[in-house]
Amino acid sequence: MEGRVNGYYVHVGNERFMRESNISVRKTALDRAALDEQGCSCVYIAVDGAVAGLVPYADEVRAESRSILQRLHVLGVRNSIMLTGDNAVVARAVGKRLGLTRQFADMLPADKATVIQDLQRSGHVVAMVGDGINDSPALSYADVGIAMKHGAEVTHESAHVVLMEDSLWKLVKAVEISKGTIGLIKQNYAIVAGMNTVALALALPSGLISPVFTAMISNGSAILASLNGLRPLLWQR
């Protein structure tokens with residue numbers, strides 16, 4: 001922001017904004033470095049073209065975040081990457097605290113989307129979790145975009161999945177459900193293909209079984225696969 005307040009021209013924003021406004025931030029370097037090491041981001045306040053102060057702030061890291069990341073790694077998520085608008089020092093501090101694989105700092109919305117696309121071109125399947133307006137482009141480019149319940153409305157429109165409770169454990173649950181679903185699909189393919197292959201093998205060479213029995217095996221495989229698909233309903237009881 002910038003504007004006139006009580007006769008003074010005031011700028012309020014990050015370091016990039018100050019530089020774009022031709023305001024030197026050199027004299028705040030030591031204070032800024034100390035705050036960065038504490039994991040704090042900073043808002044600069046400039047009065048009449050000169051920096052007058054720093055306002056440190058820090059986003060609260062959810063208490064469950066590290067446990068959730070560890071659980072996701074157990075479930076097969078190989079890389080956990082943070083895309084943030086904060087500077088590199090703050091990003092490293094948070095990344096170390098959470099045990100992240102990698103972190104990208106000083107990200108604008110377009111930069112986040114570019115990182116997603118680069119990961120995809122490298123052969124990765126990318127899921128993106130976000131709740132802010134700045135996350136919406138990346139959510140739309142991700143293979144699976146996941147928005148939080150209380151996130152910005154535009155993130156709900158951009159994402160493929162919206163978690164309806166404000167708990168990251170629901171993300172773990174969603175991954176577990178999806179893996180279970182894929183597992184059931186593969187099992188059902190195996191059941192149908194396996195039983196039909198056996199029926200065909202017995203019927204073709206010398207007619208060891210009758211066409212009626214072959215049809216029963218084929219239809220039975222479909223019934224058995226359907227019953228197998230209902231197993232998750234039994235687990236909920």
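Residues numbered from 1 in each chain as written. Predicted model: local features only at pLDDT ≥ 70, side-chain atom pairs only at ≥ 80, totals over all residues. Heavy atoms only, no water.

## So, the overall build of the protein chain
- On a plain count of helices and strands, the protein chain comes out with ten helices and nine strands.
- A compact globule built from 237 residues would reach a C-alpha radius of gyration of about 18 Å, whereas the protein chain, at 27 Å, exceeds it by more than 25%.
- Principal-axis analysis of the C-alpha atoms places the extent of the protein chain at approximately 100 × 30 × 30 Å.
- In the protein chain, which comprises 237 residues, the share counted as buried stands at 32%.
- Of the contacts formed within the protein chain by residues at least 6 apart in sequence, a portion of 39% connects residues at least 24 apart.
- Accessible surface computed for the protein chain: about 14,900 Å², of which carbon and sulfur atoms make up 58%.
- Computed over 23 positive and 22 negative side-chain charges, the inter-centroid distance for the protein chain is 9 Å. (Helix = DSSP H or I, 4+ residues; strand = E, 2+ residues; numbered from the N terminus. Rg over C-alpha atoms; globule rule 2.2 N^0.38 Å. Buried < 20%, exposed > 50% of the residue type's maximum accessible area, 1.4 Å probe, protein only. Contact = heavy atoms within 4.5 Å. Areas by Shrake-Rupley, 256 points an atom, 1.4 Å probe, with all protein chains shown as cover. Lys, Arg positive; Asp, Glu negative; His and termini not counted. Charge placed at Lys NZ, Arg CZ, Asp CG, Glu CD.)

## Some details on the sheet that holds strand 7 (residues 127–130)
- Read across the open sheet, the three strands follow the order 7-8-9; overall the sheet is parallel. Both outer strands of the open sheet, strand 7 and strand 9 (161–162), are each paired with one neighbouring strand and no more. (Pairing = 2+ DSSP bridges.)

## Section: the pattern of salt bridges
- Counted according to the given criterion, the structure contains nine salt bridges.
- Between Arg121 and Asp118 there is a salt bridge, with the nearest N and O atoms lying 2.5 Å from each other. In this pair, Arg121 and Asp118 are both assigned in helix 5 (residues 109–121), three residues apart and thus about one turn of the helix distant.
- Each of Glu15, Arg19, Arg32 and Asp36 takes part in a single network of salt bridges with overlapping partners. (Salt bridge = Lys/Arg side-chain N within 4 Å of Asp/Glu carboxyl O.)

## Description of helix 5
- Compared with the 18 Å implied by 1.5 Å per residue over 13 residues, the 19 Å span of helix 5 between its first and last C-alpha is a close match.
- The set of residues buried in helix 5 consists of Lys112, Ala113, Val115, Ile116 and Leu119. Along helix 5, the residues classed as buried sweep out an arc of 155° about the axis, all on the same side. The outward face of helix 5, more than 90 degrees from its buried face, is lined by the exposed residues Ala110 and Arg121.
- Those residues of helix 5 hidden inside the fold are in contact with strand 5 (81–83), strand 6 (102–104), strand 7 and helix 6 (136–141). (Expected span 1.5 Å × (residues − 1). Arc of directions from axis to C-beta.)

## Description of the pairing of strand 1 (residues 2–5)
- Sheet topology places strand 1 next to strand 2 (residues 8–13); four bridges connect them, and they run antiparallel. For Arg4, the partnering residue across the bridge sits in strand 2 and is Tyr9.
- In this antiparallel pair of consecutive strands, strand 1 and strand 2, the connection spans two residues, and Asn6 shows a positive phi of 50°.

## Digging into helix 2 (residues 29–37)
- When we look at burial in helix 2, the residues that qualify are Arg32, Leu35 and Asp36. Each buried residue of helix 2 sits inside an arc of 105° when the element is viewed along its axis, so together they form one side. Away from its buried face by more than 90 degrees, helix 2 exposes Leu30 and Glu37.
- Where helix 2 is buried, its residues meet helix 1 (15–20), strand 3 (41–47), strand 4 (50–57) and helix 4 (88–98).
- Just beyond helix 2, the residue with positive phi is Gly39, at close to 80°.

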